[in-house]
Every structure is written in structure tokens, then in C-alpha cells.
Amino acid sequence: PMDAAEKIRREADLCGELRVYACGGDGTLNECVCGAAGRENVALTHYPTGTGNDFVKVFGDEAGRFRDLAALVDGEVRPFDVIDCNGRKSVNICSVGIDARIGCDVHKYSRIPLIGGATGYVTSTAVHLIRGIKKPIRVNCGGAIYVGDMSLVCCCNGSHYGGGFNPIPEARPDDGVLDFLVVKGVTRLEFVRIVGAYAKGRYADYPHYITHLRGDSMDVESPDEMVVNVDGEAIYGKKVSFRLEKGALNFLVPKGMRYFAQR
């Protein structure tokens, strides 16, 4: 069967205008973004019924309005930026490092009898902490070069991921710029000490470990194959590029949201 992205592209070629309602979680939204991005005649929105529903958390206490179908049907279109990650589109957050490796293996451990559910995340975290937190990585962000052992590289268009992480609270999908965090290689003890601050967006409290950058592109390379988190979906490669596609997605939002008035 065709996936959601292919169906959207096919229907967009047949229709004058197309509205897409992604009913599911962040994975469903990502599939639809891959089909809708770059299509001027397609407008996409999210009716969040998944587990994390991380992307709509960027709207704060207005996120619940995306559960109001009448408000979405009567909504307005806003141009949102998109990340191109090795050809796959992302509207929220991409990352390379310990978080991506943990997230990729959660389902594997969750399928084991007596583990399942949230315990799968705990098990995956424990396994990867034992295997090691840092990997050799080279980062190029607009000519700024960072080389060495690193624990995590994060590219943010949105502000939440992983079910509870808010690494860059000020990141917005409509500001025409990407926010990046480069986390140097840390020990297990250092990781335990700073991960809570990272999750709460307090990266500025740890400038020795975490560097915040802004721009429209970043290249990440490693001698080892990397797991790349793309809105919760996994891709793999030794070279990863993040590229901003400014205003590439027509995103449908309820009218009169304070989120846009506060700019």
C-alpha cells in the first residue's frame, strides 16, 4: 500500500487545492509533512491523537485547540519552515547522538515480555549508557567547525520532542531560522547531571558542555554510522545534512491564536 506521503503527492497532482488532516501522533504528522512540503496547493494540519504529540506543544497552552475539528476546518494557513534531513522532511526536531540511539531501540525492548511500555525506554537508556554516550563527530555550521567526541547534536525547528524534552524553548517553526545545540562528549556522571537541564531548555546554564548556534544549515559527519532522529522516525548514515526550507509548508491553524500575535 502507498504511504501517506505518496498518497498526498498523488492527490495534490489531481486537485486544485488539498487540505490534509494528520490524525495520529508525530510519526503520522511526519509522513504527511514529507508529502505536503513544497506543495503550494496543499495545506496540512495535525489532529493529535498519538502518545507524545510533541510538535503541537510549541503552541503552549493553545495546543489543545488542535483537538477542535471545527476550529481546524475554519482555520487559517500559516507558512512554516521545514528541515530537509538527507532528503527526508521534518517540521519539528532532528537529532544525532545518545537520544537518537535510545529512541531507535525503545520499540525493540518494549516487545520483550515483562518489559513493555515505558519500561522499554528505561531499558534502552540503561543499555546505551553502558555502551557509551559519546561518539567521534565533525560538525560544520556555517563555517564554524566542531570536531571531537560528542554526545548529541540537535536541530530544532519546533521546541519539544521525545515525550518530554524541550531543549530550545524559543525555537519556532515560522521564524526563518534553525536552532542547533552541540553537546560535547560527556561522562556518564556528567550526562546524568546535565540531562535534566537539557530537557528543560536550560542549555545556557552549561556553556562548557552545550553550544547554541543558529543558522540555515549544518553538516554532521562520523566515521561510524549514525542513527538520526527525524521527528521520531529513524534514518541512518555517516554524513547528515540539515537544511532549512523557509516557509515550505502550508500549515493550517485555528484562527486568532495568541502564539502568532505575541511575535
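1. Regarding the overall build of the protein chain
Alright, step 1. Looking only at helices and strands, the protein chain features seven helices and eleven strands.
Alright, step 2. Burial status across the protein chain gives 52% buried among its 263 residues.
Alright, step 3. Taking contacts inside the protein chain between residues at least 6 apart in sequence as the whole, the part at least 24 apart equals 71%.
Alright, step 4. Counting only carbon and sulfur atoms, one obtains 52% of the accessible surface of the protein chain, whose full area is about 12,100 Å².

2. Structural notes on helix 6 (residues 188-199)
For the α-helix, the turn length of 3.6 residues means that residues three or four positions removed from each other point alike.
Alright, step 1. Between its first and last C-alpha atoms helix 6 spans 16 Å; for twelve residues at 1.5 Å apiece the expected length is 16 Å, and the two agree.
Alright, step 2. For helix 6, the complete set of buried residues consists of F191, I194, A197, Y198 and A199.
Alright, step 3. Directly beyond the C-terminal end of helix 6, a positive phi value near 80 degrees is found at G201.

3. Side note on the packing of helix 1 (residues 4-14) against helix 2 (residues 26-36)
Alright, step 1. Their axes nearest at 7 Å, the elements helix 1 and helix 2 cross at an angle of 35 degrees. Crossing angle aside, the handedness with which helix 1 passes helix 2 is right-handed. Listed contacts from helix 2 to A4, A5, I8 and R9 of helix 1 are E31, C32, C34, G35 and A36.
Alright, step 2. Grouping the constituent residues of the contact of helix 1 with helix 2 by class yields six nonpolar, one polar and two charged.

4. Regarding the pattern of salt bridges
Alright, step 1. For the structure on display, the rule yields 14 salt bridges.
Alright, step 2. One salt bridge connects R258 with D61, and the closest N-O pair in it is separated by 2.7 Å. With R258 in helix 7 (residues 258-261) and D61 in the loop between strand 2 (42-48) and helix 3 (69-73), this pair connects stretches of sequence that are 197 residues apart.
Alright, step 3. By relative accessible area, R258 is classed as partly exposed at 42%.
Alright, step 4. Residue D61 is classed as exposed on the basis of its relative accessible area, which comes to 67%.
Alright, step 5. The partner of R172 in a salt bridge is D174, with the nearest N and O atoms 2.9 Å apart. Judged on exposure class, the residue R172 and its partner D174 are both buried.
Alright, step 6. Salt bridges here are not isolated pairs; linked through shared partners, they connect D61, E62 and R258.

The rules we used
- Residues numbered from 1 in each chain as written.
- Predicted model: local features only at pLDDT ≥ 70, side-chain atom pairs only at ≥ 80, totals over all residues.
- Heavy atoms only, no water.
- Helix = DSSP H or I, 4+ residues; strand = E, 2+ residues; numbered from the N terminus.
- Buried < 20%, exposed > 50% of the residue type's maximum accessible area, 1.4 Å probe, protein only.
- Contact = heavy atoms within 4.5 Å.
- Areas by Shrake-Rupley, 256 points an atom, 1.4 Å probe, with all protein chains shown as cover.
- Expected span 1.5 Å × (residues − 1).
- Axes fitted to C-alpha atoms, helices over the stretch in contact; angles between N-to-C directions.
- Left-handed = near helix turned anticlockwise from the far one by under 90°.
- Nonpolar A, V, L, I, M, F, W, Y, C, P; charged D, E, K, R; others polar.
- Salt bridge = Lys/Arg side-chain N within 4 Å of Asp/Glu carboxyl O.

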